[in-house]
Amino acid sequence: DIQMTQSPSALSASVGDRITITCRASQSISRSLNWYQQKPGKAPELLIYSTSSLHGGVPLRFSGSGSGTDFTLTITSLQPEDVATYYCHQSFGNPWTFGQGTKVEIK
Amino acid sequence: EVRLVESGGDLVQPGGSLRLSCAASGFTFTNYAMAWVRQAPGKGLEWVSSVTGTGGSTFYTDSVKGRFTIFRDNSRNTVYLHMNSLRAEDTALYYCAKYLAVSGTSPYCLESWGQGTLVAVSS
């Protein structure tokens, strides 16, 4: 199975800060990397697919990059509504696997 | 608007069986693969199973192979997860999710999610 490792596991930042979450795959997954946002008590929502394509309605402050084994999710100006846990997800190999999540809080 | 409504979650004893349902609306159901993803209490997401639009192909994570069966009824716009030989480690909130792209095409990711149905396995 392809292991997905996110870092950090949690972070606390101020409103307006730029934050970056990293996701590393245990083997190359090309660009088959997706990001989901899960707010407390809610179902996950698709943010970014295929490494860098923004899903409809997602604010432009979110962006993704990477290829192969190393990927990043960036929020350029953190907003209070971005408080959530973020998961990366590889759809390159079967079984699909998720990272363990990164919990983002406001300082 | 895409809507996915799961049902069927319950408290069940180890070794028991359960069938989850996910009623879909707001899109052409037969055109899209569907998936089940679970989340144990306080834990992360785990993909469980997927089924193609026609139902002709199914996929499972190793821990549920031989115990769980995914199938769909396209006439009812519903996807199911039949779970046998349930274990304590199957305790989780089970989400139904719709693929972003039409069946058989990329990108492979989950665009819409239901609110989940809770399965608790305990004696």
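This text follows the structure it describes.
Description of the structure in this document. (Residues numbered from 1 in each chain as written. Chains lettered and ligands numbered in written order. Predicted model: local features only at pLDDT ≥ 70, side-chain atom pairs only at ≥ 80, totals over all residues. Heavy atoms only, no water.)

## Looking at the state of the cysteines
As enumerated under the stated definition, the model contains 2 disulfides over all chains in all. There is a disulfide in this structure between Cys23(A) and Cys88(A), and the S-S distance comes to 2.1 Å. Where Cys23(A) bonds to Cys88(A) through sulfur, the torsion about that S-S bond is close to 65°, and the disulfide is right-handed. One end of the pair, Cys23(A), is in strand β3 (residues 19–25); the other, Cys88(A), is in strand β9 (residues 84–90), with 65 residues separating them in the sequence. A residue is classified by how much of its surface remains accessible, and Cys23(A), at 0% relative accessible area, is buried. The side chain of Cys22(B) participates in a disulfide bridge whose partner is Cys96(B); the two sulfur atoms lie 2.1 Å from each other. Measuring the twist about the S-S bond at about -70°, one finds the Cys22(B)-Cys96(B) disulfide to be left-handed. (Disulfide = S-S within 2.5 Å. Helix = DSSP H or I, 4+ residues; strand = E, 2+ residues; numbered from the N terminus. Buried < 20%, exposed > 50% of the residue type's maximum accessible area, 1.4 Å probe, protein only.)

## A few points about the sheet that holds β3(A)
Residues and elements named next belong to chain A. Read from one edge to the other, the open sheet built from 4 strands follows the order β1-β3-β8-β7, with strand pairing classed as antiparallel. Each edge of the sheet is formed by a strand with only one pairing partner; in this case those strands are β1 (4–7) and β7 (62–67). Pairs of neighbouring strands in the sheet enclose a mean axial angle of 15°, with direction left out of account. Pairing of β1 with β3, which is carried by 4 bridges, proceeds in the antiparallel orientation. Counted as the bridge partner of Gln6 is Cys23 from β3. (Pairing = 2+ DSSP bridges. Axes fitted to C-alpha atoms, helices over the stretch in contact; angles between N-to-C directions.)

## Observations regarding the nonpolar core
In this structure, Trp36(B), Val79(B), Leu81(B), Met83(B) and Tyr94(B) are the most contacted members of the largest nonpolar core, which totals 26 residues. Apart from residues no more than four positions distant in its own chain, Tyr94(B) is found in contact with Glu6(B), Leu20(B), Trp36(B), Val37(B), Arg38(B), Val48(B), Phe68(B), Leu81(B), Met83(B), Gly116(B), Thr117(B) and Val119(B). Core analysis: the next-biggest nonpolar cluster, separate from the first, contains 23 residues, Ala25(A), Leu33(A), Trp35(A) and Ile75(A) among them. (Core = buried A, V, L, I, M, F, W, Y, C linked by side-chain atoms within 4.5 Å. Contact = heavy atoms within 4.5 Å.)

## A closer look at the interface of chain A and chain B
Counting from both sides, the interface comprises 18 residues of chain A and, opposite them, 21 residues of chain B. Both sides together, the interface formed by chain A and chain B hides about 1,600 Å², and carbon and sulfur atoms give 64% of it. Sorting the residues of chain A by area buried against chain B places Pro44(A), Trp96(A) and Phe98(A) first, and these three jointly supply 36% of that buried surface. Taken together, the connections running from chain A to chain B amount to 0 salt bridges. On the surface where chain A and chain B come into contact, there are 6 residue pairs in polar contact (both at pLDDT 80 or more). At the level of elements, β4 (33–38), β5 (45–49) and β9 of chain A are the ones that each hand at least two residues to the side of chain A that touches chain B. (Buried area = accessible area lost by both parts, 1.4 Å probe. Salt bridge = Lys/Arg side-chain N within 4 Å of Asp/Glu carboxyl O. Polar contact = N/O pair within 3.5 Å; in protein donor to acceptor, adjacent residues only side chain to side chain.)

## Some remarks on the pattern of salt bridges
Overall, the coordinates contain 10 salt bridges over all chains when judged by the stated rule. Between Glu105(A) and Lys103(A) there is a salt bridge; the shortest N-O distance is 3.9 Å. Classification of Glu105(A) as partly exposed rests on a relative accessible area of 39%. Taking relative accessible area as the criterion, Lys103(A) reaches 44% and is therefore assigned partly exposed. One salt bridge connects Arg38(B) with Glu46(B), and the closest N-O pair in it is separated by 2.7 Å. Glu46(B) sits in the partly exposed class, given a relative accessible area of 31%.

## Points about the packing of aromatic side chains
This model, assessed by the stated rule, comprises 9 aromatic pairs over all chains. When the centroid spacing of 6.1 Å and the interplanar angle of 50° are considered together, the rings of Phe27(B) and Phe29(B) count as tilted. In terms of burial, Phe27(B) and Phe29(B) fall into one category: buried. An aromatic cluster is built from Tyr36(A), Phe98(A), Tyr95(B) and Trp113(B), whose rings are joined through pairwise contacts. One cation-aromatic arrangement involves Arg72(B) over Phe29(B); the distance from NZ or CZ to the ring centre is 4.1 Å. The ring centre of Tyr32(B) lies 3.9 Å from the NZ or CZ of Lys98(B), which sits over that ring. (Phe/Tyr/Trp six-rings, centres within 6.5 Å; stacked < 30°, edge-to-face > 60°. Lys NZ or Arg CZ within 6 Å of the ring centre and 35° of its normal.)

Any link to function would need more than the numbers given here.
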